[in-house]
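Chain by chain, the residues run as shown.
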Amino acid sequence: MGSQARAAQVEEVIRRLDAHYVFPDVAAKLAEVLRARLDEGAYADLGDAEFATAVTADLQSVNDDKHLRLRHHADPVAVDGDAEHASESFRRAGELENFGVAAVRRLPGNVGYLDTTMLYPIDLAAPAISAAMTLVASADALLIDVRRNRGGDPETSAFLQSYLVDERTHYLDFYERDGDRVTQMWTLPYVPGPKFGGTKPIWVLTGPVTFSGGEDLAFSLQRQGRAKTVGEVTRGGAHPCDRYKVDTYLDVTVPIARSYDPETGENWEGVGVAPDIAVAADQAFDTAYALALAHVLTLGDAGARRGVAEEARQALDQVKDVGPGPDGTV
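Keep in mind that this is a model prediction, so the values were computed, not measured.

Analysis parameters
Residues numbered from 1 in each chain as written. Predicted model: local features only at pLDDT ≥ 70, side-chain atom pairs only at ≥ 80, totals over all residues. Heavy atoms only, no water. Pairing = 2+ DSSP bridges. Helix = DSSP H or I, 4+ residues; strand = E, 2+ residues; numbered from the N terminus. Axes fitted to C-alpha atoms, helices over the stretch in contact; angles between N-to-C directions. Contact = heavy atoms within 4.5 Å. Parallel < 35°, antiparallel > 145°, perpendicular 65-115°, else oblique. Left-handed = near helix turned anticlockwise from the far one by under 90°. Nonpolar A, V, L, I, M, F, W, Y, C, P; charged D, E, K, R; others polar. Core = buried A, V, L, I, M, F, W, Y, C linked by side-chain atoms within 4.5 Å. Buried < 20%, exposed > 50% of the residue type's maximum accessible area, 1.4 Å probe, protein only. Polar contact = N/O pair within 3.5 Å; in protein donor to acceptor, adjacent residues only side chain to side chain.

A. Up close: the sheet that holds strand β9 (residues 241-247). Strand order in the open sheet made by the three strands is β1-β10-β9, with antiparallel pairing throughout. Edge positions in the open sheet fall to β1 (69-72) and β9, since each of these has one partner strand only. Sheet twist, expressed as the average angle between the axes of neighbouring strands with direction ignored, equals 25 degrees. Here β1 runs beside strand β10 (residues 250-255); their pairing, made up of four bridges, is antiparallel. In the sheet register, L70 faces β10, and the bridge partner there is V252. Those strands touched by helix α1 (residues 3-20) are β1, β9 and β10, and its axis lies near 155 degrees from that of β9. Across the sheet, helix α3 (residues 48-59) lies against β1 and β10, angled at about 170 degrees from β1, the strand it touches most.

Spelled out as structure tokens, the structure:
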């Protein structure tokens, strides 16, 4: 790649930052960094993949915004915005990942378990999430595992959270640079199928891989008092972003908004979501499951609950040998 072509790519990244980054003052500083690095030859003699890695490091050097990335793709990239998400290849990849619903089950003791790896766009993910929530709706307690969740769509977070409340809830705000406006995020007035509801206990399992949309879920449920988080501090990315084409095989992800708690103005950018119950990520399942089973046993063992209570007692005795770890293995 010639020096003029690399310079053009750097200038295109800068143009996108200047036009769209939610923090214009940081965009100006990043332009200085990228041009200085270009002038000193930092990007010379690099292949596209190495160039993308180097520019990403420089993009994150000013304010450690992990959503700022130059990405190299093996195939030609789509046009700007959400065209990637509308592509057949993206839909197929999501289908092979069950649109982010990695596992759903009823654990012994009538505890529901939902493992999510990504919050795919709602038009793709809604059927899988609805099916999963139907399966856990009658559970006495619920574990939501976002330890491997790498992010996703805020609307999908709203959809999933809507199964966990009884009334519409205003849980997050987005400040968008475009139009200088604030968008409120509310749970939905209707979702298909039965709800888990707003009173039964929930534990959200977190870890250092949990990012972006997965953090949205953990943060929002924690701040509502709707769930306890169990595990480790998450990765720390709170800025919704969009994708912009830079060249045939390169695109840049640029945060276009800033999310925050509508009551406190706080978010998890750069600091992550701190757990209510701090344990190693690979111990989060056992810890949360034990708490859920203890809750189940407070519900009594009369009548129809006799079998569930016995299940819970047995499971509590051997909880270290039950359930998947952070890598999804049993």
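Having seen the model, we can carry on.
B. Seen up close, the packing of helix α7 (residues 154-162) against helix α8 (residues 213-223). Two elements in contact, α7 and α8, have axes separated by 10 Å at closest approach and are oriented at 45 degrees. Accordingly, the angle class assigned to the pair α7 and α8 is oblique. As for the relative orientation of α7 and α8, their crossing is right-handed in sense. On α8, the residues that touch P154, S157, L160 and Q161 of α7 are D216, L217, S220 and L221. Broken down by class, the residue content of the contact of α7 with α8 amounts to four nonpolar, three polar and one charged.

C. Focus on the nonpolar core. Ranked by size, the top nonpolar core spans 39 residues in total, and within it I129, M133, L142, I144, L164, I202 and V204 carry the most contacts. Listing elements by their share of this core, those giving two or more residues are α6 (122-136), β4 (141-145), α7, β5 (170-176), β7 (202-206) and α8. Residues within four places of V204 in sequence aside, it is in contact with I144, V146, A218, L221, A227, K228, T229 and V230. Residues Y21, A31, A54 and L250 belong to the second largest nonpolar core, which totals 24 residues.

D. Representation of the sheet that holds β4. Spatially, six strands are ordered β2-β3-β4-β7-β8-β12 in an open sheet, and the strand pairing comes out mixed. Edge positions in the sheet fall to β2 (101-107) and β12 (277-278), since each has one partner strand and no second. Bridge count between β2 and strand β3 (residues 111-116): six bridges; the pairing is antiparallel. Its bridge partner being in β3, A103 is matched across the sheet by D115.

E. Representation of unusual backbone geometry within the structure. One non-glycine residue, D64, lies in positive phi territory at about 55 degrees. The class for D64 is partly exposed, based on a relative accessible area of 36%. Unlike most non-glycine residues, S212 shows phi in positive territory, near 55 degrees. Locating S212 in the fold gives a position in the loop between β7 and α8. The exposure class of S212 is buried, given its relative accessible area of 14%.

F. Just the side chain of S259, in detail. As for its placement among the helices and strands, S259 is situated in strand β11 (residues 257-260). On the basis of relative accessible area, S259 is assigned to the buried category, the value being 1%. A distance of 2.5 Å separates a polar atom in the side chain of S259 from the backbone oxygen of A238. Dropping the residues within four chain positions of it, S259 is found in contact with L172, D173, F174, A238, P240, N267 and W268.

G. Here's a closer look at the side chain of E176. Topologically, E176 is positioned in strand β5. Within the structure, the side chain of E176 is placed 2.4 Å from the side chain of T183, a separation counted as a polar contact. If sequence neighbours within four positions are ignored, E176 has contacts with R181, T183, I256 and A257.

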